[in-house]
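What the coordinates show
The chain contents come next:
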Amino acid sequence: MKTLECRNITLNNQDTKICIPITGRKHEEIIEQAQIIKKRKPDIVEWRADYYQIENEEKDIAQIIYELEELH
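Parameters and conventions
Numbers given for residues are sequential positions, taken from 1 along each chain in its written order. Restriction of local features to residues with pLDDT of at least 70 applies here, the model being predicted, together with a cutoff of 80 or more for giving and counting side-chain atom pairs; totals for whole chains, interfaces and linings are based on all residues. Side-chain descriptors were evaluated using all non-hydrogen atoms of the structure, hydrogens and water having been removed beforehand. A run of DSSP states H or I qualifies as a helix once it reaches four residues; a run of E qualifies as a strand once it reaches two. Both are numbered from the N-terminal end. Residue contacts are counted whenever heavy atoms from the two residues lie within 4.5 Å of one another. Buried Ala, Val, Leu, Ile, Met, Phe, Trp, Tyr and Cys residues that are joined via side-chain atoms within 4.5 Å together make up what is termed a nonpolar core. Classification of residues uses two cut-offs on accessible area relative to the type maximum, computed with a 1.4 Å probe and protein chains only: under 20% is buried, over 50% is exposed, and between them is partly exposed. Within this scheme a cavity is a closed region of a 1 Å grid, computed over the protein atoms alone, that accommodates a 1.4 Å probe without allowing it to escape, whereas a pocket is open but has protein on both sides within 12 Å along at least five of seven lines; lining residues each have an atom within 4 Å of a point. Grid points are joined across faces, edges and corners, and a volume is the space filled by probe spheres set on the points. Counted as salt bridges are all cases of a side-chain nitrogen of Lys or Arg within 4 Å of a carboxyl oxygen of Asp or Glu.

A few words now on the environment of Ile20. Relative to the assigned elements, Ile20 resides in strand 3 (residues 19–22). A sequence separation of 17 residues divides Ile20 from Ile37, and the C-alpha atoms of the two residues are 7.2 Å apart. Once you skip the residues sitting within four places of it in the chain, Ile20 turns out to touch Ile37, Arg40, Pro42, Ile44, Val45 and Glu46.

What follows is the structure in structure tokens.
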């Protein structure tokens, strides 16, 4: 049984963890969801970047980096 640890969270097949996804398509939705999720104090937050609405690939790569920095 493999155990993974990251930022004081231990993932294994013995303990249940709560993971809440962020599925916003635009900046405002992402930040709004993150603020709501933060209040619930889950073990893990997953940003589902596949939901992110890309309009201009070159411009949006920079925007994705910005979103990650905001979420962090």
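With that out of the way, let us pick up the nonpolar core. In this structure, Ile20, Ile22, Ile30, Ile37, Trp47 and Tyr52 together form the largest nonpolar core, which totals six residues. For this core, the elements supplying multiple residues, two or more each, are strand 3 and helix 1 (27–40).

In this structure, the largest pocket encloses a volume near 550 Å³. Along its surface, the largest pocket is lined by 19 residues, and Arg7, Asp43, Ile44, Val45 and Leu71 are the ones closest to its centre. Those elements giving two or more residues to the lining of the largest pocket turn out to be strand 1 (4–6), strand 2 (9–11), helix 1 and strand 4 (44–47). Looking at the lining of the largest pocket, the element that brings in the most residues is strand 4, giving four residues. As for the second largest pocket, its lining consists of 11 residues, and the residues nearest its centre are Lys26, Tyr52, Glu55, Asp60 and Gln63.

Pairs may arise between side chains of opposite charge once their charged atoms sit close together. For the structure on display, the rule yields one salt bridge. Salt-bridge contacts for Arg48 lead to Asp50; the nearest nitrogen and oxygen are separated by 2.5 Å. Judged by relative accessible area, Asp50 falls into the exposed class, the value being 55%.

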